[in-house]
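# What the coordinates show
One letter stands for each residue in the lines below.
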Amino acid sequence: MATPTPLSRLFTVLLAGGLVGLVVAGLMLPVNLVFGLTAKAALGSYAELPGVLETPATPQRSYLYANDGKTLITTFYDVNRTDVTLDEITPVMRQAIVAAEDRRFYDHSGVDLRGMARALVTNVTEGGTEQGGSTLTMQYVRNVLKTDSTRTTEERASATEQTVGRKLQEIRYANALEQRLGKDEILNRYLNIAYFGSGAYGIAAASERYFSTVPADLTLAEAALLAGLVQAPEAYSPIDGDADAALARRAYVLDSMVATGAITAEQAADAKAEELRLNPSEQANGCAATAGGRDGWGFFCDYLRRWWMEQPQFGDTPTEREQALRRGGYTVVTSLDPEIQATAQEQATSVYGYRNPRALPIAAVEPGTGRVLAMAVNRHYSLAENPDGQANYPNTVNPLISGGPGVTGYQAGSTFKLFTMLAALESGRPLATGYDAPSRLPTRYPAEGDSSCDGRWCPANANPAWMDGYRMMWDGFGRSVNTYFVWLAEQVGPDNVVEMAQRLGITFRAEADATFADQRAADWGAFTLGVSATTPLDVANAYATVAAEGTYCSPLPVVSVTGPDGARLPVGDPSCRQVLDADVARAATDAARCPVGQQSAFGQCNGGTATAVNGILDGRPVAGKTGSSDGAATESFVAYTPQVAVAGIAANPDDPNDSVGATVQSRVISGVARIIATAVEGKPEQSFTAPSRELVGTPRRPVERDPVVDRRTGDNPLSELRRWFQGRG
């Protein structure tokens, strides 16, 4: 807190009188303003000190980090500014700005009468040169008022008007402010708000923009150059303006530092001799400019931004929430895991290249929290133009992984059989529920075309020799027997299957799907075969709910959100609820061990459609399910451990009639499994809990088995033909 000097007390008294203000204004204003001085301006009343000057609402950029809290994803800003404390600014920078802009800063009380008089003399004697005699405190007042977002456009513009009334108000505010704040606090605030050119507001942004460093590490030469910029930022900027002028201004600042006793003449000479060593950096702004050029991270960033826009904590309207992100100075530690993301991007692009119209969107979710660990696809998140005939590849900003505006999703095939199994288990039917599954099953649902039998929908098994026969949930799921699950869905009611999917987070984004679910769910027999459009994120999170033994958590892209004051906001905590009985979820997992080449706790698995997964994960407990839509239009795979759930769907996002073909399924399976391997690497192996005997039931007869000869590889004596058919689930 500054102690009022006799001069400051006298000045306050003089300002309170009307006509003396005319004299003061004449001393500090340029000559051309003196003649515009009126008695009204001199005698006018002044409002109390605006609160914004004591607690400025200066816009700051928000930072997005990966889940390690260190790896920068991107920043958001309208104004490139980040506040730092005075301790985070090297002393030579503080000394340089005082020497450059206000040598008597520590001697006056907000207004420097001597400096004003000197400025007036200079203006009169040197003709074209104008000096205003503004102190750092007065400049701070002006900067705050012209950037205050709570003021109108006209009020912000008035903060820089060349009028006597405005200047006198600035004097009063500066003098009052110094009675409330200490000198160091004012200096710190000034350094955080001053404009340094080239889009950099505040010393932190300027240090980064010009030298790719932080204020604490600035050298004397660098500090002097930056201090010299504030007088005419655009003219002196060595990036956008005149480098020679910037060096000349640097020399002036160094000489001023010698005059103030901050440095010696020798130090100044050495700094003047240094070449201009710029190391400029562009601060990433928004999702299309992720830091470090990390391809694919933009899709996660976009998902986070859309999540942010739905959070009422950041404002009552979308506009307020957008402003909060771009001006609020938040630090957001996201849920993105850099290692899992890197593997996911590698796997997505190894299946399809960036210039392939087909895509493999992949999502990874943490069971029990809903935190989204990775989002990858073989596309560049970019607004750049694409070649003719390639509307959305290799560049796009469409939400291909999460769904959203313009993207309803893709059919995930037999992965939806999980919802039928859960509905059946919840209804009291045990895993041992048996049915003699035929090659084709006439149903009660009307249909036409190839899937019709006498006007009724009549689904078929993809490989009758391997799928037909007496099946229970274990081998029905493991071998992906269509007719078994259509029959099972009829027993529990398709509407209950649809409701189960919705309970686990499946969203119907396509209008036709939403209508069917709302109005005709009881007749949606084909739902169990995955005919509804969905997304990898929805499917991964649904399976993560089973991995978490029935605990559903809303997908969450953040770990924490901290405001500029260091306070943590209550938006990073998982939002979870129990939607399934834990025993039901455990029973479903027991059957889901079958597709991936592992064995259920009760020894009932006898073949699977993704047996290679067991070897990729070196026998680590895992569960999952493959999915193929009609005609191999899409190929999907989702798998989970207690620590992670990953889903991938191969499709053509722009042309659902372009079938990706069955041969790609093995690569999708491998890709998802390798992502899981990265996610669990170094973590303790966790086993699944076996379900109760009540939900197991009693198998009607011993099951036929394809013996697994190697726990690590999952190899078995199936023929190549059978291996191919196994991939048709």
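Residues numbered from 1 in each chain as written. Predicted model: local features only at pLDDT ≥ 70, side-chain atom pairs only at ≥ 80, totals over all residues. Heavy atoms only, no water.

## Considerations on the overall build of the protein
Keep this limit in mind: We count a stretch as a helix when DSSP gives it H or I for four or more residues in a row; a strand needs E for two or more, and each element gets its number in order from the N terminus. The rule is simple: take the accessible area with a 1.4 Å probe, protein chains only, and divide by the maximum for that residue type; under 20% is buried, over 50% is exposed, in between is partly exposed. The contact rule is simple, with two residues in contact once any of their heavy atoms fall within 4.5 Å. Computed by Shrake-Rupley with a 1.4 Å probe, the accessible areas treat only the displayed protein chains as cover when residues are assessed.
For the protein, the count of helices and strands is 31 helices and 20 strands. Looking at the protein as a whole, 57% of its 729 residues qualify as buried. Partitioning the intrachain contacts of the protein with sequence separation of at least 6 by distance along the chain shows that 72% fall at a separation of at least 24. As displayed, the protein has an accessible area near 29,000 Å², and 49% of this comes from carbon and sulfur atoms.

## Some points on the sheet that holds strand β2 (residues 72-76)
Note the following rule: For two strands to be treated as a pair, DSSP must find at least two bridges joining them. Axes here refer to lines fitted to C-alpha atoms; in helices the fit is confined to the stretch in contact. Angles between the N-to-C directions go from 0 to 180 degrees.
Strands sit in the order β2-β1-β3-β15-β16 across an open sheet of five strands; the sheet is mixed. With partners counted over all chains shown, the strands left at the sheet margins are β2 and β16 (568-569), one partner each. Of the pairings in the sheet, the one linking strand β3 (residues 331-334) to strand β15 (residues 558-562) comprises four bridges and is antiparallel in character. In the strand pairing of β15, T331 is matched with T562. Lying over the sheet, helix α17 (residues 297-308) contacts β1 (62-65), β2, β3 and β15, oriented at roughly 45° with respect to β2.

## Quick word on the environment of M309
For M309, the location among the structural elements is in the loop between α17 and α18 (318-327). On the accessibility criterion, M309 (19% relative accessible area) is buried. Placed 16 residues apart in sequence, M309 and L325 show a C-alpha to C-alpha distance of 8.9 Å. Ignoring anything within four residues of it in the chain, the contact list for M309 reads P318, R321 and E322.

## Some remarks on the state of the cysteines
Counted only if it meets this: Criterion for a disulfide: a pair of cysteine sulfur atoms within 2.5 Å.
Inspection of the entire model under this criterion finds four disulfides. The disulfide that involves C594 links it to C605, with 2.0 Å between the sulfurs. On the sign convention where negative means left-handed, the S-S torsion of about -80° between C594 and C605 marks this disulfide as left-handed. One end of the pair, C594, is in the loop between α27 (582-592) and α28 (612-616); the other, C605, is in the loop between α27 and α28, and eleven residues separate them in sequence. Here C594 falls in the buried class, since its relative accessible area comes to 1%. Overall, the relative accessible area of 4% leaves C605 in the buried class. Should the bonded cysteines of the protein be numbered as they appear in the sequence, the pairing reads 1-2, 3-4, 5-6, 7-8.

## A closer look at the pattern of salt bridges
Working definition: two side chains of opposite charge can pair if their charged atoms are close together. Counted only if it meets this: We count a salt bridge whenever a side-chain nitrogen from Lys or Arg sits within 4 Å of a carboxyl oxygen from Asp or Glu.
If you walk through the whole model with that rule in mind, you get 20 salt bridges. In this structure, R327 engages D78 in a salt bridge whose closest nitrogen and oxygen atoms are separated by 3.9 Å. You can see R327 sitting in helix α18 and its partner D78 sitting in the loop between β2 and α6 (91-101), a full 249 residues away along the chain. When its relative accessible area of 24% is taken as the criterion, R327 is described as partly exposed. For the salt bridge of R471 with D475, the shortest nitrogen-to-oxygen distance reads 3.0 Å. Judged on exposure class, the residue R471 and its partner D475 are both buried. Salt bridges here are not isolated pairs; linked through shared partners, they connect D78, R326 and R327.

## Comments concerning the side chain of R503
Secondary-structure assignment places R503 in helix α24 (residues 494-503). Residue R503 is classed as buried on the basis of its relative accessible area of 18%. Not counting residues up to four positions away in its chain, the partners in contact with R503 are E426, Y552, R577, V579 and L580.

## Quick notes on the packing of α6 against helix α15 (residues 243-260)
To keep things clear, this is the line we draw: An angle below 35 degrees is read as roughly parallel, one above 145 as roughly antiparallel, one from 65 to 115 as roughly perpendicular, and any other as oblique. Polarity classes work like this: nonpolar for Ala, Val, Leu, Ile, Met, Phe, Trp, Tyr, Cys and Pro, charged for Asp, Glu, Lys and Arg, and polar for all others, with Gly in that last group.
At their nearest, the axes of α6 and α15 sit 8 Å apart, and the two run at 95° to each other. By the angle class used here, α6 and α15 are roughly perpendicular. Mapping the contact onto sequence places V92, Q95, A96, A99, A100 and E101 in α6 and R249, Y252, V253, S256, M257 and T260 in α15. Each residue belonging to the contact of α6 with α15 can be placed in one class, and the counts come to seven nonpolar, three polar and two charged.

## Digging into the confidence of the model for the protein
Put simply, the rule reads: Within a predicted model, pLDDT stands for the predictor's per-residue confidence, ranging from 0 to 100.
In the predicted model, the protein carries a mean pLDDT of 87, and 85% of its residues have values of at least 70. For residues 127-131, every residue scores under 50 in pLDDT, and the model assigns this stretch ten contacts once sequence neighbours within four places are set aside. Per-residue pLDDT stays below 50 along residues 702-729; that stretch engages in 70 contacts with residues further than four places along the chain or on separate chains.

## Examining the nonpolar core
What counts, and what does not: The criterion is simple. A nonpolar core is a set of buried Ala, Val, Leu, Ile, Met, Phe, Trp, Tyr and Cys residues joined through side-chain atoms within 4.5 Å.
Core analysis: the biggest nonpolar cluster contains 109 residues, and W308, F419 and M421 have the highest contact counts within it. Residue contacts for M421: discarding those within four places in its chain leaves L431, M473, F477, F485, L488, A588 and A591.

## Thoughts on the sheet that holds strand β19 (residues 635-640)
Pairing between sheet strands relies on hydrogen bonds along the backbone, with the strands arranged either parallel or antiparallel. Taken together, the five strands give an open sheet; going across it, the order is β5-β4-β20-β19-β18, and neighbouring strands pair in antiparallel fashion. Of all strands in the sheet, those bounded by a partner on one side alone are β5 (372-376) and β18 (623-628). Averaged over neighbouring strand pairs, the angle between their axes works out to 5° when direction is ignored. With respect to the sheet, helix α29 (residues 665-680) is in contact with β4 (362-365), β18, β19 and β20 (645-650), its orientation differing from that of β19 by roughly 25°.

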